[in-house]
Amino acid sequence: AQQGHFLEASKSFSLVSLESEEYPRAQYLLGCALNHLDQLEYYRQSLSAFHRSRESFRQWKKKIPLDLYYQQGFAEFHCGIYFDAVQNLTLFIEKSDEDRRDPGYFTRGQIYLRLSHYKEALDDFNRINEKKGSQSCYSLCLQGRTLCFLHQFDQGMEYFQRAV
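Residues numbered from 1 in each chain as written. Predicted model: local features only at pLDDT ≥ 70, side-chain atom pairs only at ≥ 80, totals over all residues. Heavy atoms only, no water.

**Focus on the overall build of the chain**
Part 1: Secondary structure summary: the chain contains nine helices and zero strands in total.
Part 2: Dimensions of the chain, computed from C-alpha atoms along their principal axes, come out at roughly 60 × 30 × 25 Å.
Part 3: Looking at the 164 residues of the chain, the share that counts as buried comes to 42%.
Part 4: Of the contacts formed within the chain by residues at least 6 apart in sequence, a portion of 44% connects residues at least 24 apart.
Part 5: Counting every atom, the chain has about 9,400 Å² of accessible surface; 51% of that belongs to carbon and sulfur.
Part 6: Put simply, the chain has 20 plus and 21 minus side-chain charges, and the middle of one group is 2 Å from the middle of the other. (Helix = DSSP H or I, 4+ residues; strand = E, 2+ residues; numbered from the N terminus. Buried < 20%, exposed > 50% of the residue type's maximum accessible area, 1.4 Å probe, protein only. Contact = heavy atoms within 4.5 Å. Areas by Shrake-Rupley, 256 points an atom, 1.4 Å probe, with all protein chains shown as cover. Lys, Arg positive; Asp, Glu negative; His and termini not counted. Charge placed at Lys NZ, Arg CZ, Asp CG, Glu CD.)

Structure (structure tokens):
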């Protein structure tokens, strides 16, 4: 998977036996590999893998990796399961160190924007765009778009201009 061969990696991860102590991690990595394939059917399969992973981590009394909450929320976002995605991304944000939260804010902000929850989206985009290292043209445009939906057109234009 680290070399970009996500389909081959997913096949390998799916071969790990249910009885193996490595099964929970293999299912988690299977879900992550499937997410990288960036197609709706693979996102759906990744959700099944993440569900099996979480159940197995609990059965083995092992700690669930923080990134699992993000990866599952990301897959739910792409499947249109927005309520669950917001819950998992919020867990990821709440449990992560400050310097690791940006992907959660970014994805959750996009969901809020799609749901017309503009104030919540603006809060998340503000958290990303207030730090120079976290900004991207896309995040600046999303913040500009959100401000326009809130009828703050002049501020929105400022973010669009910063993006170019």
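**Digging into the pattern of salt bridges**
Part 1: Inspection of every chain in the model, using the stated rule, returns six salt bridges.
Part 2: Of the charged contacts, one joins Arg-58 and Glu-55 as a salt bridge, the two residues approaching to 3.2 Å between their closest N and O atoms. Of the two residues, Arg-58 and Glu-55 both sit in helix 3 (residues 40-59), three residues apart, roughly one turn of that helix.
Part 3: A relative accessible area of 46% places Arg-58 in the partly exposed class. (Salt bridge = Lys/Arg side-chain N within 4 Å of Asp/Glu carboxyl O.)

**Structural notes on the packing of helix 1 (residues 6-13) against helix 2 (residues 23-36)**
Part 1: It is the contact of helix 1 with helix 2, at a shortest axis distance of 9 Å, that shows an interaxial angle of 160°. Considering their axes alone, helix 1 and helix 2 lie roughly antiparallel with respect to each other. For helix 1 against helix 2, the interelement crossing comes out left-handed. Contact residues: Phe-6, Ser-10 and Phe-13 in helix 1; Ala-26, Gln-27, Leu-29, Leu-30, Ala-33, Leu-34 and His-36 in helix 2.
Part 2: Among the residues forming the contact of helix 1 with helix 2, the class breakdown is seven nonpolar, three polar and no charged. (Axes fitted to C-alpha atoms, helices over the stretch in contact; angles between N-to-C directions. Parallel < 35°, antiparallel > 145°, perpendicular 65-115°, else oblique. Left-handed = near helix turned anticlockwise from the far one by under 90°. Nonpolar A, V, L, I, M, F, W, Y, C, P; charged D, E, K, R; others polar.)

**Quick notes on the environment of Val-164**
Part 1: One can find Val-164 in the segment after helix 9 (153-163).
Part 2: Judged by its relative accessible area of 86%, Val-164 falls in the exposed class.
Part 3: C-alpha separation for the pair Val-164 and Trp-60, spaced 104 residues apart in sequence, amounts to 50 Å.

**With respect to the packing of aromatic side chains**
Part 1: Applying the stated criterion across every chain yields a total of seven aromatic pairs.
Part 2: Plain terms: the ring middles of Tyr-70 and Phe-92 are 5.4 Å apart, the flat faces sit at 50° to each other, and that makes the pair tilted. On the criterion of sequence distance, the pair formed by Tyr-70 in helix 4 (residues 66-79) and Phe-92 in helix 5 (residues 82-95) is long-range, its members being 22 residues apart.
Part 3: Residue classification places Tyr-70 among the buried positions, given a relative accessible area of 13%.
Part 4: Pairwise contacts between aromatic rings join Tyr-43, Tyr-70, Phe-74 and Phe-92 into one cluster. (Phe/Tyr/Trp six-rings, centres within 6.5 Å; stacked < 30°, edge-to-face > 60°.)

Such coordinate-based values are descriptive only and should not be taken to indicate function.
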